[in-house]
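In case you want the letters, here they are:
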Amino acid sequence: MIYVNDPCGPGLPSFSVLAIGRTEMDDSFIAKPLGRRQIDQAYPLVRAIAPGLTVEQWRAFAAAVLDDGGAPAARAGIMTIQNAQGYLHGLFSYAIEPDLRHGRVMNVDNFVVLDLFDTVGVAGALLRAMDGLARRLGCAAIHTILPERHLAATSPNNPIPDCFQTEGHRRETIRFCKDLAVVNDNADPAAPNGRREAE
């Protein structure tokens, strides 16, 4: 169950999300935008999906997204799931963009859940907050990019894909990535594509 709790800036709500099945833990999660003072607090969460990420890289990314998210159209932001004491249990970043097939969509990336006791509860709360936010921002669809490690074929015991399917998401595309920033110190700059010609 999600309901708008209070406004958090221009058009961005925070949500109260009741967690079902939590024992000896907080009985509710709060979904709300990441605050600037919480950027460093969120760093351990993003390290769970990007172990090599430096704190400086995270700070630069979060600052850029939050600067854009302050726009009246709320084109981008970072949404978190927190307990009543303000501890972060999960987050995702998003950007509102046009899509050829669906029109206005919410593109979601960096979906991370870090909860030892209730991964499914936190993931479900994030997904419901994602849905509520996308509807509030007038989106026709949500596109989410998940790391390959979340795919059932590579990690059959990972509950995250099941949470997405339970909330009505379906697999639609496959994304490929070519990293242009990788430098190969052993490559011969005279050869095309870094390949040495046979002598």
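From a predicted model like this one, the values you see are computed outputs, not experimental measurements.

What counts and what doesn't
- Residues numbered from 1 in each chain as written.
- Predicted model: local features only at pLDDT ≥ 70, side-chain atom pairs only at ≥ 80, totals over all residues.
- Heavy atoms only, no water.
- Core = buried A, V, L, I, M, F, W, Y, C linked by side-chain atoms within 4.5 Å.
- Buried < 20%, exposed > 50% of the residue type's maximum accessible area, 1.4 Å probe, protein only.
- Helix = DSSP H or I, 4+ residues; strand = E, 2+ residues; numbered from the N terminus.
- Contact = heavy atoms within 4.5 Å.
- Salt bridge = Lys/Arg side-chain N within 4 Å of Asp/Glu carboxyl O.

Participant: How should the nonpolar core be read in this particular structure?
Facilitator: It is characteristic of soluble globular proteins that their nonpolar side chains tend to be buried jointly. Within the largest apolar cluster, 25 residues are counted, with the highest numbers of intra-cluster contacts made by Phe92, Tyr94, Met106, Phe111 and Met130. Of all the elements in the fold, those that place two or more residues in this core are β3 (28-33), β4 (76-82), β5 (88-99), β6 (103-113), α3 (119-136) and α4 (160-166). Among the elements that take part in this core, α3 stands out by supplying nine residues, more than any other. Among all residues touching Phe92, those that are not within four sequence positions of it are Gly77, Ile78, Met79, Val108, Asp109, Asn110, Phe111, Leu126 and Met130. If you look at the next biggest cluster of nonpolar residues, it comprises 15 residues, including Leu34, Tyr43, Trp58 and Ile78.

Participant: I would appreciate a short explanation of the pattern of salt bridges in the present structure.
Facilitator: Think of it this way: side chains of opposite charge can pair up when their charged atoms draw near. Under the definition given, this model contains three salt bridges. Between Arg36 and Asp67 there is a salt bridge, and its shortest N-O distance comes to 2.5 Å. Taken as a pair, Arg36 in the loop between β3 and α1 (39-49) and Asp67 in helix α2 (residues 55-69) lie far apart in primary sequence, 31 residues in all. Overall, Arg36 belongs to the partly exposed group, its relative accessible area being 47%.

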